[in-house]
Amino acid sequence: MPTQGVQDLLDQGNRVAKTGASCTTDPFGSGDDGKVLAPAKKLCWDPGDSATEEWIPQGMTGVSDAQTDELWGSRKPLVTAWYDKAGGKGVRLSFLDPQTAIPGDPDGRRYRHVLLVEPYYNSYDHVSYKAVDIHAGGIAWYKYYLYVADTLNGLRVFDMRSILDLNPDQNASVDDTTLDGLKSNVRDETQIGRQNNVYYGHTYRYVMPQVASYKFVSAQGNSSAATCAATGAPKASYISVDRSDSAAPALIMGEYCDSDDTHPEKGRVGALPVDDATGLLKSAGGVVGATGAFYLPRDLTQGAARYDGVYYFNRSWTTHSGSLRRATVSGGRLVDYGANITNAVGPEDLSFEHGQGVPGGGTRYLWSLTEHRMDATDPTCTDSGSPCGRVIYAHRATDILARP
């Protein structure tokens with residue numbers, strides 16, 4: 001199949017997000033304690049995505065992770081990941097440019113979904129692909145590569161140069177002829193991969209095949225996506241990129257742990273070195289070693305980012321206000337830096353916009369997204385202090401660090 005670039009996806013966005021006064025979804029409210037930190041930027045999904053029970057938003061990254069100049073061509077896209085709660089379709093990405101308005105709609109921003117797939121040889125020895133059935137709790141973009149957290153296994157890697165187009169003529173009613181002389185179909189929601197010499201993608205026009213993976217060497221000490229063990233391989237619950245040291249960029253990876261009396265561990269967070277020349281992780285003898293790892297000071301961590309030595313953590317608990325925590329290394333341990341910052345309901349993965357692409361240094365933002373849809377029948381979702389709702393949002397780093 002032919003490929004399309006990221007800028008093409010943005011230009012051909014078939015859904016519209018809203019920002020400014022047109023983005024009325026509010027998962028912040030006043031906060032359970034009345035001291036919520038309101039976002040500096042916020043984008044609301046298309047109504048179909050904000051209300052769907054099938055797809056749940058989780059991962060967050062952007063071109064600021066991928067490039068020092070924070071540009072992909074002339075655009076500045078964000079990328080989010082959703083997992084299919086109903087099962088079967090796996091993971092999809094959303095590509096969105098928060099800065100480019102739709103002509104005639106100053107608050108409108110186009111975006112497009114892409115389905116992640118895993119290549120394999122089918123029973124006829126033909127190359128096909130299947131859904132990537134993981135939680136995708138974290139994603140990180142570096143150079144051409146997109147890293148996706150695979151909780152108990154490690155990291156899956158995808159390539160921005162290999163986004164395949166199943167409908168290049170943009171006429172969904174007619175099957176397109178592919179480069180190998182077969183057909184592609186974007187009408188059948190039930191099928192994926194090569195079926196009877198036709199390629200499918202659950203009606204998604206774009207599919208993005210996995211190109212590599214990193215698997216944990218140590219035996220997995222954890223047995224579930226919720227609880228944690230203090231030994232063995234960590235969980236890859238969420239990931240982000242630290243570009244604060246240009247000579248030593250790193251992939252930050254950490255664990256989500258729902259602690260209880262039987263499983264008291266709060267989890268771990270570590271840094272994996274990135275080779276800036278290739279965008280791949282640095283390895284020796286085929287093994288990537290962490291450059292630093294610490295026990296987390298708090299459990300229920302849904303996302304982590306690091307910049308200039310400060311760690312930022314998103315914590316959530318059902319439909320209550322989330323928490324934004326800070327920590328620094330002291331005495332060889334991660335310790336809390338300042339007090340809890342009341343945040344949105346259901347905050348997830350984190351991505352740090354470093355501002356290095358602006359001469360003299362631009363405003364730094366900490367980006368995230370929320371997972372819980374507004375359910376008007378659930379009184380915990382309609383509470384004015386901590387309402388539910390799905391948004392992409394950003395806090396200014398200066399606002400976060402100014403909190404006690």
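Residues numbered from 1 in each chain as written. Predicted model: local features only at pLDDT ≥ 70, side-chain atom pairs only at ≥ 80, totals over all residues. Heavy atoms only, no water.

Undergrad: So what exactly am I meant to see when it comes to the overall build of the protein here?
TA: For the protein, the helix and strand inventory stands at four helices and 28 strands. In terms of overall dimensions, the protein is globule-like: its C-alpha atoms have a radius of gyration of 21 Å, near the 22 Å expected for 404 residues. For the protein, the C-alpha atoms occupy an extent of roughly 60 × 55 × 45 Å along the three principal directions. By the burial criterion, 53% of the 404 residues in the protein qualify as buried. The long-range fraction of contacts in the protein, counting pairs at least 24 apart against all pairs at least 6 apart in sequence, stands at 60%. Accessible area for the protein stands at about 16,500 Å²; split by element, carbon and sulfur atoms hold 49% of it. (Helix = DSSP H or I, 4+ residues; strand = E, 2+ residues; numbered from the N terminus. Rg over C-alpha atoms; globule rule 2.2 N^0.38 Å. Buried < 20%, exposed > 50% of the residue type's maximum accessible area, 1.4 Å probe, protein only. Contact = heavy atoms within 4.5 Å. Areas by Shrake-Rupley, 256 points an atom, 1.4 Å probe, with all protein chains shown as cover.)

Undergrad: What am I meant to see in the sheet that holds strand 19 (residues 268-273) here?
TA: Think of a sheet as strands paired side by side through backbone hydrogen bonds, with each pair either parallel or antiparallel. The four strands are arranged 17-18-19-20 in an open sheet whose pairing can be described as antiparallel. Edge positions in the sheet fall to strand 17 (238-242) and strand 20 (292-295), since each has one partner strand and no second. Shown here is a sheet whose adjacent strand axes are inclined to one another by a mean of 20°, direction ignored. Where strand 19 lies against strand 20, four bridges are found, and the strand directions are antiparallel. (Pairing = 2+ DSSP bridges. Axes fitted to C-alpha atoms, helices over the stretch in contact; angles between N-to-C directions.)

Undergrad: What is the right way to look at the sheet that holds strand 13 (residues 183-185) in this model?
TA: Reading across the sheet, the four strands line up as 12-13-15-14 and stay open at both edges, with mixed pairing between neighbours. Each edge of the open sheet carries a strand with a single partner, namely strand 12 (176-177) and strand 14 (192-195). When strand 13 meets strand 15 (residues 198-201), the two strands line up parallel, connected through three bridges. Within strand 15, the position partnered with N185 by the bridge is Y200.

Undergrad: Quick question: what am I supposed to make of the packing of aromatic side chains here?
TA: Each aromatic ring pair is characterised by the separation of its centres together with the angle its planes make. Taken as a whole, this structure holds 12 aromatic pairs when the rule is applied. Where F28 meets Y393, the ring centres are 5.0 Å apart and the plane angle is 90°; that geometry is what we call edge-to-face. With a gap of 365 residues between them, F28 in the loop between strand 1 (15-19) and strand 2 (41-44) and Y393 in strand 28 (residues 391-396) connect regions that are remote in the sequence. Take F28: its relative accessible area is 2%, and that puts it in the buried class. Ring centres of W72 and W141 lie 4.9 Å apart, and the angle between their planes is 55°; this geometry places the pair in the tilted category. Residue W72 is found in the loop between helix 3 (63-66) and strand 4 (78-84), and its partner W141 is found in strand 8 (residues 139-142); the two are separated by 69 residues along the sequence. With relative accessibility at 14%, the residue W72 sits in the buried group. (Phe/Tyr/Trp six-rings, centres within 6.5 Å; stacked < 30°, edge-to-face > 60°.)

Undergrad: Even after reading the chapter, I still don't get the state of the cysteines, so can you show me in this structure?
TA: Each disulfide is one covalent bond, formed between the sulfur atoms of two cysteines. Under the defined criterion, the tally for this structure stands at three disulfides. The disulfide that involves C381 links it to C388, with 2.1 Å between the sulfurs. Residues C381 and C388 are joined through a disulfide that is left-handed, its torsion about the S-S bond being -80°. In this structure, C381 and C388 share a single accessibility class: buried. Regarding the disulfides, the protein carries the connectivity 1-2, 3-4, 5-6 under sequence-order numbering of its bonded cysteines. (Disulfide = S-S within 2.5 Å.)

Undergrad: Help me out: how do you make sense of the environment of A247 in this one?
TA: Its place among the elements puts A247 in the loop between strand 17 and strand 18 (250-254). The exposure class of A247 is exposed, given its relative accessible area of 63%. C-alpha separation for the pair A247 and K18, spaced 229 residues apart in sequence, amounts to 37 Å.

Undergrad: Just checking my understanding: could you explain the side chain of R205 for this structure?
TA: When you line up the elements, R205 lands in the loop between strand 15 and strand 16 (206-215). Engagement of the side chain of R205 in a polar contact is seen with the side chain of Y206, the distance being 3.4 Å. If sequence neighbours within four positions are ignored, R205 has contacts with Q4, Q12, R112, L164, D165, L166, N167, P168, Q170 and V186. (Polar contact = N/O pair within 3.5 Å; in protein donor to acceptor, adjacent residues only side chain to side chain.)

Undergrad: Explain the nonpolar core here, please?
TA: Note that soluble globular proteins tend to have their nonpolar side chains buried in a common cluster. Counting 26 residues, the largest nonpolar core has L115, Y129, V207, W367 and I392 as its most contacted members. Formed by 25 residues, the second largest nonpolar core is a distinct cluster that contains V6, V148, F158 and Y206. (Core = buried A, V, L, I, M, F, W, Y, C linked by side-chain atoms within 4.5 Å.)

Undergrad: For this particular structure, what's the right way to read the pattern of salt bridges?
TA: When their charged atoms lie close together, side chains carrying opposite charge are able to pair. The final tally for this structure, using the stated rule, is 22 salt bridges. Linking R373 and E53 is a salt bridge whose minimum nitrogen-to-oxygen distance equals 3.4 Å. Of the two residues, R373 sits in the loop between strand 27 (365-369) and strand 28 while E53 sits in the loop between helix 2 (47-51) and strand 3 (55-62), which places them 320 residues apart along the sequence. By relative accessible area, R373 is classed as partly exposed at 22%. For E53, a relative accessible area of 57% translates into the label exposed. The partner of D97 in a salt bridge is R75, and the shortest N-O contact between them spans 2.7 Å. (Salt bridge = Lys/Arg side-chain N within 4 Å of Asp/Glu carboxyl O.)

Undergrad: Would you take a moment to explain the side chain of S184 for this structure?
TA: Following the sequence through the fold, S184 ends up in strand 13. Among the polar contacts made by the side chain of S184, one reaches the main-chain carbonyl oxygen of L166 at a distance of 2.6 Å. When near neighbours in sequence (up to four residues on either side) are disregarded, S184 contacts L166, D175, D176, T178, V198 and Y199.

On their own, these measurements won't tell you what the molecule is for.
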